[in-house]
Amino acid sequence: MVRQFAAESLAPHAAEWDEKHHFPLDVLRAAGELGMGAMYSREAFGGSGLSRADAVLIFEELAKGDTTIAAYISIHNMVVWMIDTYGSEAQREEWIPKLATMEHLGSYCLTEPGAGSDAAALSTRAIRDGDDYVINGTKQFISGAGASEIYVVMARTADTGSKGVTAILVPDGTQGLSFGPLEQKMGWHAQPTRAVIFEDVRVPVENRLADEGDGFGIAMNGLNGGRLNIGACSLGGGQAALDKSIDYVQSRHAFGGPLSDLQSIVFELADMETKLETARTLLHRAATALDAGDADKVRLCAMAKRVATDAGFEVANSAIQLHGGYGYLTEYGLERIVRDLRVHQILEGTNEIMQLIVGRSLLSR
């Protein structure tokens, strides 16, 4: 079902959305109607109740149609999962039904201008004032900013490092909430990215997720699944690029025959396929570990994210080379895939941070 949706509703429009920087809200709502707005949230309030192993299959298929839209759906699902997992019954009842249908969209606010990989150093502050929090600060690189109905904001409530971070829900339209201009990006043109600015934003304490000081743990738990999803999106983009290449080398003639007659071309296709299949295997193992709550789930998710995002980008880049000059043209769609996939090696924790997580896990045994 997702493959059909991606082929019919995403792929035919991906180039135009990229060119016009169009965020297709109607298509997102169609995805929500098919159950993709709250994939691994519980069914009580409209979630689909799927597993993380299910989700990586879904995101790979979505990304074959449009990597940018698939990646945004992943971020939206992280927001819904956080509310479903850590929210109160009243919060779930208020927010999840419309987020599940994607009538309402969600954004996740962790990164700041001065706190990227060092997320525990965030400085956006939420000060308790009676039954309210008053929030001041700026979040950077926020996907969906300006189009979302709800923002999950990680803010500092105490000067105790990572233990002083709290997760707070801030609805769109709250006084003092504003947005920076659209970022001019290399890729991901079909989703808006802006700074989110908080100037004396006042929200009730009841908008907090879980307890004060739980925010950093919520963020890190959310990122485990986010890393799997973005890895799956990379595989989908890489697979789409490989599929285009297989067709091209059989139809393009040079040196007296199709390119596929050249052994070097056959070897390159084999390497591209091997990279994707190797990454896919590790990604599925990590998803199974996350579903089961295995002790090594964080390490496996970090490994899978790094391997899959590297593999997807490398395969798409190789596809451009196989297409020669045509690969550099926008009409073939490969340069867009490469531009979109590049950021996957940076977000949800850079691939260097993934190395740090894996290395530290070895030293702590």
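Provided above is the structure to which this section pertains.
Moving on, we get to the environment of Gly-236. Within the secondary structure, Gly-236 sits in helix H7 (residues 215-251). Spatially, the C-alpha atoms of Gly-236 and Ile-337 are 9.9 Å apart, while their sequence positions differ by 101 residues. Excluding anything up to four places from it in sequence, Gly-236 contacts Glu-60, Ala-63 and Lys-64.

A few words on the packing of helix H1 (residues 2-10) against helix H3 (residues 25-33). Two elements in contact, H1 and H3, have axes separated by 12 Å at closest approach and are oriented at 165°. Taken as axis vectors, H1 and H3 run roughly antiparallel relative to one another. Our pair here, H1 against H3, has a crossing hand that is right-handed. Counting all contacts with H1, which are made through Phe-5, Ser-9 and Leu-10, the residues of H3 involved are Val-27, Ala-30 and Ala-31. Classifying every residue of the contact of H1 with H3 gives five nonpolar, one polar and no charged.

Okay, the side chain of Lys-139 next. With respect to the secondary-structure elements, Lys-139 resides in strand S3 (residues 132-143). Polar contacts involving the side chain of Lys-139 include one to the side chain of Glu-112, which spans 2.9 Å. Discounting chain neighbours no more than four positions away, the residues touching Lys-139 are Cys-109, Leu-110, Thr-111, Glu-112, Leu-122, Thr-124, Val-153, Met-154, Arg-194, Ala-195, Val-196 and Phe-198.

What follows concerns the pairing of strand S2 (residues 125-129). Where S2 lies against S3, five bridges are found, and the strand directions are antiparallel. By the bridge assignment for S3, Arg-125 is matched with Asn-136.

Here the focus is the side chain of Thr-157. Within the fold, Thr-157 resides in the loop between strand S4 (150-156) and strand S5 (165-171). Here Thr-166 takes part through its side chain, which lies 2.7 Å from a polar atom of the side chain of Thr-157. Each residue touching Thr-157, except ones within four places of it in the same chain, is listed here: Ala-126, Tyr-133, Gly-164, Thr-166, Glu-212 and Gly-213.

For the rest of this paragraph, the subject is the pattern of salt bridges. Under the defined criterion, the tally for this structure stands at 15 salt bridges. The salt bridge involving Asp-132 is made with Arg-202; its shortest N-O contact spans 3.1 Å. Here the residue Asp-132 occupies a position in strand S3, and Arg-202 occupies one in strand S7 (residues 193-204), the gap between them amounting to 70 residues. Here Arg-202 falls in the partly exposed class, since its relative accessible area comes to 42%. A salt bridge links Glu-335 to Arg-339, with the shortest nitrogen-to-oxygen separation between them at 2.7 Å. Taken together, the residues Glu-335 and Arg-339, both in helix H10 (residues 334-342) and four residues apart, mark about one turn of the helix. Taking relative accessible area as the criterion, Glu-335 reaches 15% and is therefore assigned buried. Salt bridges sharing partners connect three or more residues here, namely Arg-3, Glu-61 and Lys-64.

Thresholds applied
- Residues numbered from 1 in each chain as written.
- Predicted model: local features only at pLDDT ≥ 70, side-chain atom pairs only at ≥ 80, totals over all residues.
- Heavy atoms only, no water.
- Helix = DSSP H or I, 4+ residues; strand = E, 2+ residues; numbered from the N terminus.
- Contact = heavy atoms within 4.5 Å.
- Axes fitted to C-alpha atoms, helices over the stretch in contact; angles between N-to-C directions.
- Parallel < 35°, antiparallel > 145°, perpendicular 65-115°, else oblique.
- Left-handed = near helix turned anticlockwise from the far one by under 90°.
- Nonpolar A, V, L, I, M, F, W, Y, C, P; charged D, E, K, R; others polar.
- Polar contact = N/O pair within 3.5 Å; in protein donor to acceptor, adjacent residues only side chain to side chain.
- Pairing = 2+ DSSP bridges.
- Salt bridge = Lys/Arg side-chain N within 4 Å of Asp/Glu carboxyl O.
- Buried < 20%, exposed > 50% of the residue type's maximum accessible area, 1.4 Å probe, protein only.

Just distances and angles here, no functional claims.
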